[in-house]
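Tertiary structure, described
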Amino acid sequence: MSTPLDPCLAPDLVLASARQPGDEICFDVHLSGGAVSAIIPSHHDSPAVPAATRVVDLDGRYVIPGLWDEHVHMTQWALASNRLDLSAAGSAREAAAAVGSYLAETAAAESQVPGGGTGVSGGPAAPGAVQTLVGVGFRDAVWPDLPSLALLDGETHGRPAALISHDLHCVWLNSAAAKRYGVRLDADGLLREDAAFALTGELAQLPDAVVDSWVQHAGRAAAARGVVGIVDFEMTWNRDVWLRRIAGGFAALRVEAGVYPQDLDRAVAEGLRTGLAVAGGGGLLTVGPLKVLIDGSLNTRTAYCVDPYPNGGHGLLTVGEAELLALLVRARQAGFVPAVHAIGDAANRVALDAFEAAGIAGRVEHAQFVRSEDFPRFGRLGVTASVQPAHALDDRDAAEANWPGRTDRSFPLRSLVAAGATLALGSDAPVAPLDPWTAMSAATARARQDGRGPWHAEQALTRQEALTASTRGRGRLRVGDPADIAVLDGDPLTVPDAEFAAMPVAATLVAGGFTHGGQ
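Quick caveat, the model's predicted, so the values are computed rather than measured.

1. Description of the confidence of the model for the protein
In regions of low pLDDT, the predicted coordinates are not meant to be interpreted in detail. On average, the protein scores 93 in pLDDT, and the residues at 70 or more come to 93%. Low pLDDT (under 50) marks residues 1–5, which in the prediction has 18 contacts with non-local residues, meaning those over four places away or in another chain. Of the regions scoring below 50 in pLDDT, residues 112–119 engages in 11 contacts with residues more than four places distant in sequence or in other chains.

Set out below in structure tokens:
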């Protein structure tokens, strides 16, 4: 497999006999200098191709601009793929029993591993101590029972265990883990929001070589789905992490590395700003947005909402309105595009108020629940709605339970588009898979391929709208575009829903070099 090159060094390439979505006739797509230099009908006065230029016959396959996942936590996604999956647990008791069963099944095997480490372990432990068992993906918002410290203790028998919720905003611990990490727990055994984020970061402290190898694998898997770039919002000083990975051979896709408020002073001092190519990044790494979390999540019932949850709370506003405005003004002055995490309808109002007062455009990450009067403000203020359509299917039951009678404006893709908003699609991996076809299928069908009917089908996008929102507004290849391309075995505008969700990707190119296929 070839790797992407500096655009100035990328060899010329012709993708012959290619079609664009909706087209019948074939074109030859000429790539030069890392960009699309010509799109010419096949066999019609095509210019002579230099003998040294490689020609790849696509045999009528379809080409689209390469896909972007606009919201990823790449380290967490790589780690989640190597941890105990609890997503199928239908109750707290089932989740705890799954942990107990795993420990019973693997006790003998772990005793043979130096240090007791396995792929589901997390965080450093003292020499000779057993590693912490880490599980992921539980959804307590729809469980009929409640997590508890006693329940998890009863299944783990003194082995430290930390279970991370699917939305990353909550961690369920047992007493041994609480002692190891020095945290205080209530009877439910749960840490939420900042406390959960801090512990999740500590659980990720595995050897760089281990984590980087998992990230390499995840990057190749994303390229195989047509992904050419991600916006990575891992909660760390992420630039140096990615420089290390790229120096170590990571070349699967482009990365925009986000910055968090705690690192903004450092970023400014080092001359960083959104969109700046990072020296040493091989043409793949640029500085991403400034990420600001101002509320929680639906599953944890901490998304900040106008109306109360059934438990009586309104969620949490984790960054005050004055502080948010000051951050956005600072972002404007420093050249950073703000990306404000806002899930609840009250949080979205606060975010839009701050964008308007600061006089800056940017992004709202998630925009899961929006007041009707706030939809037009996205378009008027130039604020992009960075949305994760798969969450609508994952969270439909939680939304119905916690936002009863108001779910017509939850995950409101059509309402946002109709009001003039720009959409950018992503996954929030590991909350949902890093696969834009999963996101686009959810956006267009509003249903899984499991027989369950669509949920609020009136909020669906068209296939073309979903493609456009997954390709940074491009939708179709045009001369002058970056040579970041996905080659498909079917027409994404017309294939059946099931095929669209699992779209076969024949090849992916970044800057004119193959990152998948192309042999």
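We are not done yet, so read on.
2. Some details on the sheet that holds strand β2 (residues 27–32)
The strands making up a sheet are joined through hydrogen bonds of the backbone, oriented either antiparallel or parallel. The strand order β3-β2-β1-β4 describes an open sheet built from 4 strands, whose pairing is mixed. Among the strands making up the open sheet, the edge pair consists of β3 (35–41) and β4 (54–57). Ignoring strand direction, the axes of neighbouring strands in this sheet form an average angle of 20°. Summarising the sheet, β2 and β3 pair through 6 bridges and their orientation is antiparallel. When the bridges of β3 are listed, His30 appears paired with Ala38.

3. Description of the pairing of strand β18 (residues 383–387)
Taken across its 5 residues, β18 has 5 buried, putting it largely inside the fold. Along β18, one buried face is formed by Val383, Ala385 and Val387 and the opposite face, lined by Thr384 and Ser386, is buried too. Note: strand β17 (residues 362–366) against β18, 4 bridges, orientation parallel. When the sheet's bridge partners are listed, Arg363 is paired in β18 with Thr384.

4. Structural notes on the nonpolar core
Ranked by internal contacts, the top residues of the largest apolar core, which has 87 residues, are Ile294, Phe336, Phe378 and Trp437. With 7 residues, helix α10 (residues 345–358) is the single largest residue contributor to this core. In this structure Phe378 touches Asn348, Leu352, Val364, Ala367, Val370, Val383, Ala385, Leu416 and Ala421, once residues within four positions along its chain are discounted. Counting 19 residues, the second-largest nonpolar core is a separate cluster that includes Leu84, Ala89, Val99 and Leu103.

5. With respect to the sheet that holds β17
The sheet built from 8 strands is open, its strands ordered β6-β13-β14-β15-β16-β17-β18-β19 with parallel pairing. Only two strands of the sheet have a single neighbouring strand rather than two, namely β6 (67–72) and β19 (423–425). Geometrically, the sheet is characterised by an average inter-axis angle of 25° between neighbouring strands, direction not taken into account. In terms of strand pairing, β18 meets β19 through 3 bridges, oriented parallel. Across the sheet, the residue bridging to Val387 is Leu425, located in β19.

6. Section: the layout of surface pockets
Remark: the empty space left among the atoms is shown by a probe the size of a water molecule rolled over them. Put simply, the largest pocket is a space of about 660 Å³. Looking at the largest pocket, it is lined by 40 residues, and the ones nearest its centre are Gln76, Thr200, Gly201, Glu234 and Met235. Of all the secondary-structure elements, those providing two or more residues to the lining of the largest pocket are α1 (74–80), α5 (194–203), α6 (208–223), α7 (238–247) and β15 (285–293). Asp85, Ser87, Arg139, Pro430 and Val431 are, among the 19 residues lining the second largest pocket, the residues nearest its centre. Looking at the lining of the second largest pocket, the elements that each hand over two or more residues are α1, β9 (132–138), β10 (161–165) and α12 (390–394). Class assignment for the residues of the lining of the second largest pocket results in 10 nonpolar, 5 polar and 4 charged.

7. Side note on the pattern of salt bridges
This structure, assessed with the given rule, holds 34 salt bridges. Between Asp23 and Arg476 there is a salt bridge, and its shortest N-O distance comes to 3.0 Å. With Asp23 in the loop between β1 (13–18) and β2 and Arg476 in the loop between α16 (463–470) and β20 (485–488), this residue pair connects regions lying 453 residues apart in the sequence. Note that Asp240 is salt-bridged to Arg239, the shortest N-O span being 2.9 Å. Assessed through its relative accessible area of 32%, Asp240 is described here as partly exposed. It is possible to trace a salt-bridge network through shared partners that takes in Arg349, Asp353, Glu356, Arg371, Glu373, Asp374, Arg377 and Arg380.

Cut-offs and rules
Residues numbered from 1 in each chain as written. Predicted model: local features only at pLDDT ≥ 70, side-chain atom pairs only at ≥ 80, totals over all residues. Heavy atoms only, no water. pLDDT = per-residue confidence, 0-100. Contact = heavy atoms within 4.5 Å. Pairing = 2+ DSSP bridges. Helix = DSSP H or I, 4+ residues; strand = E, 2+ residues; numbered from the N terminus. Axes fitted to C-alpha atoms, helices over the stretch in contact; angles between N-to-C directions. Buried < 20%, exposed > 50% of the residue type's maximum accessible area, 1.4 Å probe, protein only. Core = buried A, V, L, I, M, F, W, Y, C linked by side-chain atoms within 4.5 Å. 1 Å grid on protein atoms, 1.4 Å probe; cavity = no way out; pocket = protein on both sides within 12 Å on 5 of 7 lines; lining within 4 Å. Points joined across faces, edges and corners; volume = space filled by probe spheres on them. Nonpolar A, V, L, I, M, F, W, Y, C, P; charged D, E, K, R; others polar. Salt bridge = Lys/Arg side-chain N within 4 Å of Asp/Glu carboxyl O.

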